[in-house]
Amino acid sequence: MNEINKFIAGLNDNQKKLLVIAVVIVIAALFDRLLIAPTMSRLSSIEEDITKEEASIKQDLRFLGYKDRILKEARDIDPYLTRNKLTDDEMIAAFLNKIQNLASLSKVNLIKINPGTGEQDEQYWKYQADLECSGQLADVVSFMHAVNSDSDLMKVDKFDFSGKKSDTDEIKAAMTIEKIVVTDKPMPHKAQDANAPPATPPATP
């Protein structure tokens, strides 16, 4: 310590100023290296984490927006879903019974009705019936509207009108009605067409 004091005492004023400046620079460098640099590095890391969290939160909020939209669409679709898939015979019977009820409510007389074979698509089953009926024009139109607006997902696919008598509004109509069945469960594998040849297994190498 005495050696340092003697060294400092032997310096002139300019040299002492330079020594003080050098000491301050060294202390500042050490302060920067030991405290400021690690702190700034940590702050930079924290800012990066905050940026990532903000991006994650924005993505989650977007997903929540999708969730609300999906739930709303699910509520809109829910009334049209068939909860329990019946056999083809049971589904066709229910389909025909529905048509008969709607015709009765619309005061339309069903002359005959012929159901078609059910078809399985990628996402739904489709049933079809050809029918002939008669009634007042307004009642037949009302019947067709009831079919198209029913929650059972039915529609009048084709129709043809013909007058029964020239002096009345009573008509005879032929139409094809389709019904779509959609469930909330995964579709089973599509049944193979009985008329289609069986698939040929791949050749063994």
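Residues numbered from 1 in each chain as written. Predicted model: local features only at pLDDT ≥ 70, side-chain atom pairs only at ≥ 80, totals over all residues. Heavy atoms only, no water.

1. Let's talk about the confidence of the model for the protein chain
Threshold: The pLDDT value tells you how sure the predictor is about a given residue, anywhere from 0 up to 100. Runs of H or I in DSSP of at least four residues are treated as helices and runs of E of at least two as strands, each being numbered from the N terminus. The contact rule is simple, with two residues in contact once any of their heavy atoms fall within 4.5 Å.
In the predicted model, the protein chain carries a mean pLDDT of 76, and 65% of its residues have values of at least 70. Element-level pLDDT for the protein chain is lowest in helix α1 (residues 2–9), with a mean of 62, against a maximum mean of 93 in strand β1 (residues 109–115). Across residues 192–205, where pLDDT falls below 50, the model places three contacts with residues more than four positions away in sequence or in other chains.

2. Section: the pattern of salt bridges
Condition: Salt bridges are defined as contacts in which a side-chain nitrogen from Lys or Arg sits within 4 Å of a carboxyl oxygen from Asp or Glu. Buried residues are those whose accessible area, probed at 1.4 Å on protein chains only, stays under 20% of the maximum for their type, while exposed residues exceed 50% and partly exposed ones sit between those limits.
Using the criterion set out here, one finds four salt bridges in the structure. Across the pair E132 and K172 runs a salt bridge, and its minimum N-O distance is 3.9 Å. Here K172 lies in strand β5 (residues 170–181) and E132 lies in strand β3 (residues 125–136), a separation of 40 residues in the sequence. Relative accessible area serves as the criterion here: at 23%, E132 is assigned to the partly exposed category. The structure contains a network of salt bridges with shared partners spanning K112, E132 and K172.

3. As for the side chain of D150
Checked against the element boundaries, D150 lands in the loop between α4 (137–149) and β4 (154–163). Once you skip the residues sitting within four places of it in the chain, D150 turns out to touch K98 and L102.

4. Details of the nonpolar core
We apply this condition: In plain words, nonpolar cores are sets of buried Ala, Val, Leu, Ile, Met, Phe, Trp, Tyr and Cys residues tied together by side-chain atoms within 4.5 Å.
One finds I99, F143, M175 and I177 to be the most contacted residues of the largest nonpolar core, which totals 25 residues. With seven residues, the top contributor of residues to this core is helix α3 (residues 88–105).

5. As for the side chain of S106
Put simply, the test is: N or O atoms within 3.5 Å of each other form a polar contact, as long as, within protein, one can give a hydrogen and the other can take it, and as long as residues adjacent in sequence are counted only when both atoms are side-chain atoms.
Along the chain, S106 falls in the loop between α3 and β1. For S106, the side chain forms a polar contact with the main-chain oxygen of L102, separated by 2.9 Å. Not counting residues up to four positions away in its chain, the partners in contact with S106 are D139, S142, F143 and A146.

6. Quick notes on a nonpolar patch on the surface
For clarity, the cut-off: A patch consists of residues exposed above 30% relative accessible area that lack any salt bridge, with like charges linked at up to 9 Å and nonpolar side chains (Val, Leu, Ile, Met, Phe, Trp, Tyr) linked at up to 5 Å. Here, Shrake-Rupley sampling with a 1.4 Å probe gives the accessible areas, and only protein chains in the shown set may cover a residue.
Together, M40, L43, I46 and I50 line one region of the surface with nonpolar side chains, adding up to about 340 Å² of accessible area. Along the chain, the position of I46 falls in helix α2 (residues 13–77).

7. Here's the deal with the environment of A146
Locating A146 in the fold gives a position in helix α4. The spacing of A146 and L105 is 41 residues in sequence and 9.3 Å in space, taken between C-alpha atoms. Filtering out sequence-adjacent residues up to four positions away, A146 remains in contact with L102 and S106.

8. Describing the packing of α3 against α4
To be explicit about the condition: The angle between two axes is taken between their N-to-C directions and runs from 0 to 180 degrees, where each axis is a line fitted to C-alpha atoms and a helix contributes only its stretch in contact. When an angle is under 35 degrees it counts as roughly parallel; over 145 it counts as roughly antiparallel; between 65 and 115 it counts as roughly perpendicular; any other value is oblique. The crossing is said to be left-handed when, going from far helix to near helix, the turn is anticlockwise and less than a right angle, and right-handed when the turn is clockwise. The nonpolar class holds Ala, Val, Leu, Ile, Met, Phe, Trp, Tyr, Cys and Pro. Asp, Glu, Lys and Arg form the charged class, and all remaining residues, Gly among them, are polar.
Direction vectors running N to C along α3 and α4 enclose 140°, while the axes themselves pass 9 Å from each other. Overall, the two elements α3 and α4 adopt an arrangement that is oblique. α3 and α4 meet at a crossing whose hand is right-handed. For the pair formed by α3 and α4, the contact residues are I99, L102 and A103 on the first element and F143, A146 and V147 on the second. Taken together, the residues that form the contact of α3 with α4 break down as six nonpolar, no polar and no charged.

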